[in-house]
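Residue-level structure breakdown
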Amino acid sequence: MLDVACKWRPEPDWANARLKGWTIEVGAIMGVTQRLVSGDAGRFLARYGLGKDVGALGLALGARYAVRVARDRLLVIGLSFADLPDGWHEEGYAVSSVDSTLRVFEAKGEGIRDLLARATTIDPDNPGPCAAMPFGGVTGTVYRHADAETLRIHVDRGLAAYLWEWFECQPLFLQA
């Protein structure tokens, strides 16, 4: 039988995968708790004291925050299953764990704007309310975390190896 899998590169060792250029570096982040909340986002945010959700290229602070991925959907970071069980909640929203569904990349450095210019058509000075956007040829959730020079990108795990190869091909990550 024909082995078509041999034409694909093996997936990187995500725990150690890092790329570094003169003004930017990128790597995968392990152990990020990710929950998808669908329904009454306002009531959810109020119930868990998360304040306002973060939109495209918005700045998320702290270990617990919510990122807008659709009109009635949030990607919530940092709330464990004990804090927020999966399923329907009487307050008007449903919760699903997506830890095993999404891979998280973090890019840091002064070259973030250059990376954004290559990866997306979004104007970084006027990005919009929804963090779900095309990024490097795939749909991802993209926002800033902790400071203006740190970008987080959540993508489907099945597309993570493709996006990593896309990163490798960018001149921003070439060492001089």
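Residues numbered from 1 in each chain as written. Predicted model: local features only at pLDDT ≥ 70, side-chain atom pairs only at ≥ 80, totals over all residues. Heavy atoms only, no water.

**So, the pattern of salt bridges**
- Counted by the stated rule, this structure contains nine salt bridges.
- Arginine 35 is the partner of aspartate 86 in a salt bridge, and the nearest nitrogen-oxygen pair spans 2.3 Å. With aspartate 86 in the loop between strand E6 (73-77) and strand E7 (87-89) and arginine 35 in strand E3 (residues 34-39), this pair connects stretches of sequence that are 51 residues apart.
- The exposure class of aspartate 86 is partly exposed, given its relative accessible area of 37%. (Salt bridge = Lys/Arg side-chain N within 4 Å of Asp/Glu carboxyl O. Helix = DSSP H or I, 4+ residues; strand = E, 2+ residues; numbered from the N terminus. Buried < 20%, exposed > 50% of the residue type's maximum accessible area, 1.4 Å probe, protein only.)

**What to know about the packing of aromatic side chains**
- Inspection of every chain in the model, using the stated rule, returns 12 aromatic pairs.
- Both rings, one in phenylalanine 105 and one in tryptophan 164, keep their centres 5.8 Å apart while their planes meet at 25°; by these two values the pair is stacked. With phenylalanine 105 in strand E9 (residues 102-108) and tryptophan 164 in helix H3 (residues 157-169), this residue pair connects regions lying 59 residues apart in the sequence. Across the pair, exposure class does not vary: phenylalanine 105 and tryptophan 164 are buried alike.
- An aromatic cluster of at least three residues, connected via ring pairs, comprises Trp14, Phe105, Phe135, Trp164, Trp166, Phe167 and Phe173.
- The ring of tyrosine 48 carries the charged tip of arginine 47 above its face, separated from the ring centre by 4.7 Å. (Phe/Tyr/Trp six-rings, centres within 6.5 Å; stacked < 30°, edge-to-face > 60°. Lys NZ or Arg CZ within 6 Å of the ring centre and 35° of its normal.)

**Some words on helix H2 (residues 112-119)**
- Along H2, the residues classified as buried are Ile112, Leu115, Leu116 and Ala119. In an axial view of H2, the angular spread of the buried residues amounts to 100°, which keeps them on one side of the axis.
- Turning to H2, the residues buried within the fold contact E9, strand E10 (132-135), strand E11 (138-145), strand E12 (150-156) and H3. (Arc of directions from axis to C-beta. Contact = heavy atoms within 4.5 Å.)

**Quick look at the sheet that holds strand E8 (residues 93-97)**
- Reading across from one edge, E5-E6-E3-E8-E7 is the order of the five strands in this open sheet, with antiparallel pairing throughout. Among the strands making up the open sheet, the edge pair consists of strand E5 (65-70) and E7. Strand-to-strand, the axes of this sheet are offset by a mean angle of 25°, without reference to chain direction.
- Across five bridges, the pairing between E3 and E8 is antiparallel. Each bridged residue has a counterpart across the sheet, and for valine 37 the counterpart in E8 is valine 95. (Pairing = 2+ DSSP bridges. Axes fitted to C-alpha atoms, helices over the stretch in contact; angles between N-to-C directions.)

**Examining unusual backbone geometry**
- Unlike most non-glycine residues, leucine 57 shows phi in positive territory, near 55°.
- Mapping leucine 57 onto the fold places it in the loop between helix H1 (41-47) and strand E4 (59-60).
- Positioned with a positive phi, alanine 146 is a non-glycine residue whose angle comes to about 75°.
- Of note, alanine 146 is situated in the loop between E11 and E12.

Limitation: the analysis is restricted to geometry and does not speak to function.
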